[in-house]
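# Examining the three-dimensional arrangement
This is what each chain is made of:
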Amino acid sequence: MPDAIAILDFGSQYAQLIARRVRELQVYCELFPWDTPSERVLALDPKGFILSGGPASVYTPDSPFIPVYILGSNLPVLGICYGMQALTHTLGGKVAPSARREYGPAQVRSVAPNPLLPEGELAVWMSHGDRIESCPTGFTVLASSQNSPIAAIGDLERRYFGLQFHPEVHHTPQGGEILRRFVVDICQARQDWTAESIIAQSLQRICQQVGPEPVLSAVSGGVDSSVATAMVQRAVGEQLVAVFIDTGLLRLGEAAQVQVALQDALGAELVVVDAVDQFMQALKGVTDPEQKRRVIGERFIRIFEQQARQLGQPRYLVQGTIYPDVVESSAPDRSKAQRIKSHHNVGGLPPDMQFELVEPLRYLFKDEVRRVGEALGLPHELVWRQPFPGPGLAVRCLGEVTPARLDKLRLADAILTSELHSAGLLHMQVGEDELYGTAQAFAVLLPVRSVGVMGDQRTYQEAVALRAVTTQDFMTADWARLPHELLAKIANRIVNEVPGVNRVVYDITSKPPATIEWE
Ligand code: XMP
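Residues numbered from 1 in each chain as written. Predicted model: local features only at pLDDT ≥ 70, side-chain atom pairs only at ≥ 80, totals over all residues. Heavy atoms only, no water.

## Notes on the sheet that holds strand β9 (residues 160–163)
The 9 strands lie next to each other as β2-β1-β3-β4-β9-β8-β7-β5-β6, forming an open sheet whose pairing is mixed. A single partner strand is all that each edge strand has here, and the edge strands are β2 (28–33) and β6 (121–134). If you compare each strand with its neighbour and ignore which way they point, the axes differ by 20 degrees on average. Strands β1 (4–9), β2, β3 (49–51) and β4 (77–80) of the sheet are contacted by helix α1 (residues 15–24), whose axis makes an angle of about 165 degrees with β2. Each of β1, β3, β4, β6 and β9 is contacted by helix α5 (residues 175–186), which is oriented at about 150 degrees to β3, the strand it contacts most. (Pairing = 2+ DSSP bridges. Helix = DSSP H or I, 4+ residues; strand = E, 2+ residues; numbered from the N terminus. Axes fitted to C-alpha atoms, helices over the stretch in contact; angles between N-to-C directions. Contact = heavy atoms within 4.5 Å.)

## Let's talk about unusual backbone geometry
That bond from Lys511 to Pro512 is cis: its omega, -20 degrees, falls within 30 degrees of zero. When you line up the elements, Pro512 lands in the segment after β20 (501–506). Omega for the bond connecting Pro512 with Pro513 falls within 30 degrees of zero, at 10 degrees, which places this linkage in the cis form. Unlike most non-glycine residues, Asp45 shows phi in positive territory, near 55 degrees.

## Description of the sheet that holds strand β14 (residues 356–358)
Spatial strand order, β12-β11-β10-β13-β14: 5 strands in an open sheet with parallel pairing. On the outer flanks of this sheet lie β12 (269–274) and β14, each paired with one strand and no other. Pairwise comparison of adjacent strand axes, ignoring direction, gives a mean angle of 30 degrees for this sheet. Helix α8 (residues 254–265) contacts β10 (215–219), β11 (240–246) and β12 of the sheet and is inclined by roughly 170 degrees relative to β11.

## Quick word on the state of the cysteines
Enumeration according to the criterion identifies 0 disulfides in this entry. Looking at the unpaired Cys135, the closest cysteine sulfur is the one in Cys81, lying at 16 Å. Here Cys187 stays unpaired: no disulfide links it, and the sulfur of Cys29, its closest cysteine neighbor, is 11 Å away. (Disulfide = S-S within 2.5 Å.)

## Here we look at the packing of helix α7 (residues 223–236) against helix α12 (residues 366–375)
At a closest axis distance of 10 Å, the pairing of α7 and α12 adopts a crossing angle of 45 degrees. Relative to α12, the element α7 lies oblique. Read as a crossing pair, α7 and α12 show a hand that is left-handed. Residue-level contacts link Val223, Asp224, Val227, Met231 and Arg234 of α7 to Lys366, Val369, Arg370, Val372, Gly373 and Ala375 of α12. Across the contact of α7 with α12, the residue classes break down as 6 nonpolar, 1 polar and 4 charged. (Parallel < 35°, antiparallel > 145°, perpendicular 65-115°, else oblique. Left-handed = near helix turned anticlockwise from the far one by under 90°. Nonpolar A, V, L, I, M, F, W, Y, C, P; charged D, E, K, R; others polar.)

## With respect to the domain arrangement of the protein chain
For the protein chain, the domain assignment lists domain 1 (4–186), domain 2 (195–383) and domain 3 (396–506). Distance between the C-alpha centres of domain 2 and domain 3: 28 Å. Facing 12 residues of domain 2, the contacting portion of domain 3 comprises 11 residues. A buried area of about 890 Å², summed over both sides, lies between domain 2 and domain 3, and 61% of it is on carbon and sulfur atoms. Together, Leu252, Met280 and Lys292 form the three largest contributors to the area buried by domain 2 at its contact with domain 3, with a combined 44%. (Domains from an automatic or database assignment. Buried area = accessible area lost by both parts, 1.4 Å probe.)

## A few points about the site of the ligand
Looking at the ligand, there are 16 residues lining it, with Arg293, Lys341, Lys511, Ile516 and Glu517 nearest. Within the side chain of Gln440, a nitrogen or oxygen atom sits 2.8 Å from an oxygen atom of the ligand. Backbone polar atom of Ile516 to an oxygen atom of the ligand: 2.8 Å apart, as the coordinates give it. About the coverage of the ligand: the protein hides 88% of its 500 Å² of free accessible area. Residues that form the shell around the ligand fall into these classes: 5 nonpolar, 7 polar and 4 charged. (Near = heavy atom within 4 Å. Polar contact = N/O pair within 3.5 Å; in protein donor to acceptor, adjacent residues only side chain to side chain. Areas by Shrake-Rupley, 256 points an atom, 1.4 Å probe, with all protein chains shown as cover.)

## Some thoughts on the pattern of salt bridges
In this structure the tally under the stated criterion is 27 salt bridges. The residue Arg109 makes a salt bridge to Glu121 at a minimum N-O spacing of 3.2 Å. With Arg109 in strand β5 (residues 94–110) and Glu121 in strand β6, this residue pair connects regions lying 12 residues apart in the sequence. With a relative accessible area of 42%, Arg109 lands in the partly exposed category. (Salt bridge = Lys/Arg side-chain N within 4 Å of Asp/Glu carboxyl O. Buried < 20%, exposed > 50% of the residue type's maximum accessible area, 1.4 Å probe, protein only.)

## Remarks on the packing of helix α6 (residues 195–210) against α12
Where α6 contacts α12, the two axes come as close as 9 Å, and the packing angle between them is 80 degrees. As far as their axial angle goes, α12 and α6 are roughly perpendicular. Packed against α6, whose contacting residues are Ala195, Glu196, Ile198 and Ile199, the element α12 presents Arg371, Val372 and Ala375 at the interface. In terms of residue class, the contact of α6 with α12 is made up of 5 nonpolar, no polar and 2 charged.

## Looking at the environment of Asp224
With respect to the element layout, Asp224 can be found in helix α7. Sequence-wise, Asp224 and Pro360 are 136 residues apart; in three dimensions their C-alpha atoms are separated by 10.0 Å. A polar side-chain atom of Asp224 sits 3.0 Å from a polar atom in the side chain of Lys366.

Quick look at the structure:
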């Protein structure tokens, strides 16, 4: 078992971010709803606890509280925002509503020597209503800001700490260092959560789970299913059969890339099912976005079932479930959220099939999946690809999906991608106040025709919309401020090189109110 930190989630929108920051320090951690039974949390054998922020106030009835086992464990505790207030309240300090809600950047100054905070002034991100009026016994004030005289507290003997600000967000530039000091210096957790150690443990676990039995995998072309398949292939070799269903809805060259990567480079036994015609038939005349998703999902399951039968119905099925899926599915409000799009996972588990799941990525964040994928020998371009929706190009080919329209779309998309790649904008980087590059960028083929003139000829052809966004979580997104010269070059190339397209527009809506995909 790697050394671990347990993070208790009090309902913060940043809880997953805390976990990602700790993992970036190469320390394993898990996120638990605050009221998880103690046995489950302690089974992790944590070296310390982090208590997240949350929307509640310690004085409202039924507000979340610090479970007793945490304070009984004699382990270090770091409370962030609500976590700090709950710690203060429980240990006898005073929390009160602040006169002014504090939201946004602030400067705090370290006022007492301590092992948690770097010395001097720190730029931080505040987001709180309540604040600490007096520390519990044993605590001293470690940092102050103009609005929060008690911005950080600590009981150095018991190794309890509280921060009014958020070290996990990138607006707190020294936040990573603060978390490192807590996790590594104070909790003394070993930084042993590396791609190599993740792989070693995972291989052992997979072998234990499946023994000598055959294992089936459905490869969709996406990063997660490819990495999960590569991991299981490394663990059980020939016991694995991977099925790749070519839907004809992937981007240019992708289907071939997946085959080369898994079959030729890793030596996996890959059954390639050419289902392009079947999907095209099923999508004939379908223009409604939800209907497209349903048709594709159902067709995929039918073909997969048939393959599984032909392969003797193996008992185990590989799933590329990753940690954010696991965390989100345990969040209480999920079922109440309105369905904007059915994000079924094409390539996912047929609901009525009797498989035992092998989920080697279940505890990994996306960045970790990518690093593990590279360490397993998958190509860099495959594992660092931008996210791609399960229903593929069907939801970017507005109106009816036909082979000819898909060809146009693929070509336009490849031009956009290659120009962004040359400009170094195909990945996103997080600056101090700004996000650079693109988190997702693609072409959309519109079902409208407009008049143009090429040479001396009138044209009446389809239009392509370019969509490029910056985002960290894909829940909200802003349109990427791509350089005008670059947009001009892309538009020019698309109109010249893609037959049947005579107009290119750039989508300048954020999410919300728009979504990232057009369907
Ligand atoms: P939207 O369009 O809702 O998309 O802003 C948010 C993110 O989810 C991806 N997406 C999907 N992923 N199946 C998927 O696996 C789907 O049906 C699907 N629809 C959208 C989208 O590409 C973006 O990254």
